[in-house]
Amino acid sequence: GLTKGGDLKSLLAKRQNTFKETSKMVLSSTPLNDGIICNYLEESTHRKYFVPCPHCGEYFTFELDHLRWKTIENSNVVCDAWMECPSCKGRINCEDKLTMCEKGEWRITNPKADPTYEGFELPTWYAPVGWTSWKEMAQEYVTACTCTDGTEDEKRTAFYNTLLGQRYIKGANSQNWRVFFEKGQSSTLR
């Protein structure tokens, strides 16, 4: 593979020497717990896509901490899911992201980074309507959090890596999942 000759980023940079002035390096991947893409993102400007709340206009990013859902009584079946604005606590439906994303903007979240070392994080929350919905994401999260068959860490890892675009580190994230779970579960339908 590419990494047998040394650090991947260094190898790619050396191969661009001929066209130094016009070359661009793009590293893109779904993060894995032991993958290098998260390290590169953390060193970068780490831009996130901020969108305005349709109720109060305050800009924020879609995060697990803002997800809310309802389940059918006595079950772990999600029947509704939405985001809650961190400023005004207004309900934001998945369909609302269409107009919100049109007004969104990329903002640097790591101002100490070299400004020429750009990094972008875009989790599945921002997927176009009709792709993965917030209800589907909430269901996958609820399933991972309520699993008792011994695969809960694997399911949470898959959720964090593939849908949130983040590492799931047992011990660090695993302490937070219960807080997010309890905060997100709004109520049950009877």
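Below is a summary of the structure that appears in this document. For clarity, every value in this text was computed on a predicted model and none was experimentally measured.

Mapped onto the elements of the fold, T45 is located in the loop between α2 (37-43) and β1 (47-52). With residues up to four places along the chain from it excluded, the contact list for T45 reads I108, T109, N110, A113, D114, P115, Y117, E118 and G119.

Of all hydrophobic cores here, the largest spans 29 residues; its most connected members are F62, L64, L67, W69, I92, W125 and W134. Of all the elements in the fold, those that place two or more residues in this core are β1, β3 (67-72), β4 (78-84), α3 (97-102), α4 (134-146) and α5 (152-164). Not counting the four nearest positions on each side in its chain, F62 is found in contact with V51, M83, K97, M100, W125, Y126 and W134.

On to unusual backbone geometry. One non-glycine residue, N74, lies in the positive phi region at around 60 degrees. Structurally, N74 can be placed in the loop between β3 and β4. Judged by relative accessible area, N74 falls into the exposed class, the value being 76%. Even without glycine at this site, K89 takes up a positive phi of about 65 degrees.

By the bridge criterion, five bridges tie β3 to β4 in an arrangement that is antiparallel. Directly across from R68, in β4, lies its bridge partner W82. If you look at the hairpin formed by β3 and β4, you'll find five residues sitting between the two strands, and N74 has a positive phi there, around 60 degrees.

Another aspect to go through is the packing of aromatic side chains. Per the stated rule, a full pass over the model turns up ten aromatic pairs. Between Y141 and F159 the ring centres are 5.0 Å apart and the planes differ by 40 degrees, which places this aromatic pair in the tilted class. Highlighted residues: Y141 in helix α4 and F159 in helix α5, separated in sequence by 18 residues. The exposure class assigned to Y141 is buried, which follows from its relative accessible area of 1%. Ring centres of Y160 and Y168 lie 5.0 Å apart, and the angle between their planes is 50 degrees; on these two criteria the pair is classed as tilted.

A pair of packed helices can be characterised by two numbers: the angle between their axes and the separation between those axes. One way to put it is that α4 packs onto α5 with a least axis distance of 8 Å and a crossing angle of 155 degrees. Our classification of the angle between α4 and α5 gives roughly antiparallel. The chirality of how α4 crosses α5 is left-handed. Contacts between α4 and α5 involve M137, E140, Y141, A144 and C145 on the former and, on the latter, E152, K155, R156, F159, Y160, L163 and L164. Its residues placed into classes, the contact of α4 with α5 shows eight nonpolar, no polar and four charged.

Take the environment of G130 next. On the secondary structure map, G130 appears in the loop between β7 (120-121) and α4. Note: C-alpha distance between G130 and E95 (35 residues apart in sequence) is 9.2 Å.

We now examine the state of the cysteines. Note: disulfide means a covalent bond formed between the sulfur atoms of two cysteine side chains. Overall, the coordinates contain zero disulfides when judged by the stated rule. Looking at C56, it has no disulfide partner, and the nearest cysteine sulfur is the one in C85, 3.8 Å off. Free of any disulfide, C147 has its nearest neighbouring cysteine sulfur in C145, separated by 9.9 Å. In this structure C147 comes out as buried when scored by relative accessible area, which is 12%.

Cut-offs used in this document
Residues numbered from 1 in each chain as written. Predicted model: local features only at pLDDT ≥ 70, side-chain atom pairs only at ≥ 80, totals over all residues. Heavy atoms only, no water. Helix = DSSP H or I, 4+ residues; strand = E, 2+ residues; numbered from the N terminus. Contact = heavy atoms within 4.5 Å. Core = buried A, V, L, I, M, F, W, Y, C linked by side-chain atoms within 4.5 Å. Buried < 20%, exposed > 50% of the residue type's maximum accessible area, 1.4 Å probe, protein only. Pairing = 2+ DSSP bridges. Phe/Tyr/Trp six-rings, centres within 6.5 Å; stacked < 30°, edge-to-face > 60°. Axes fitted to C-alpha atoms, helices over the stretch in contact; angles between N-to-C directions. Parallel < 35°, antiparallel > 145°, perpendicular 65-115°, else oblique. Left-handed = near helix turned anticlockwise from the far one by under 90°. Nonpolar A, V, L, I, M, F, W, Y, C, P; charged D, E, K, R; others polar. Disulfide = S-S within 2.5 Å.

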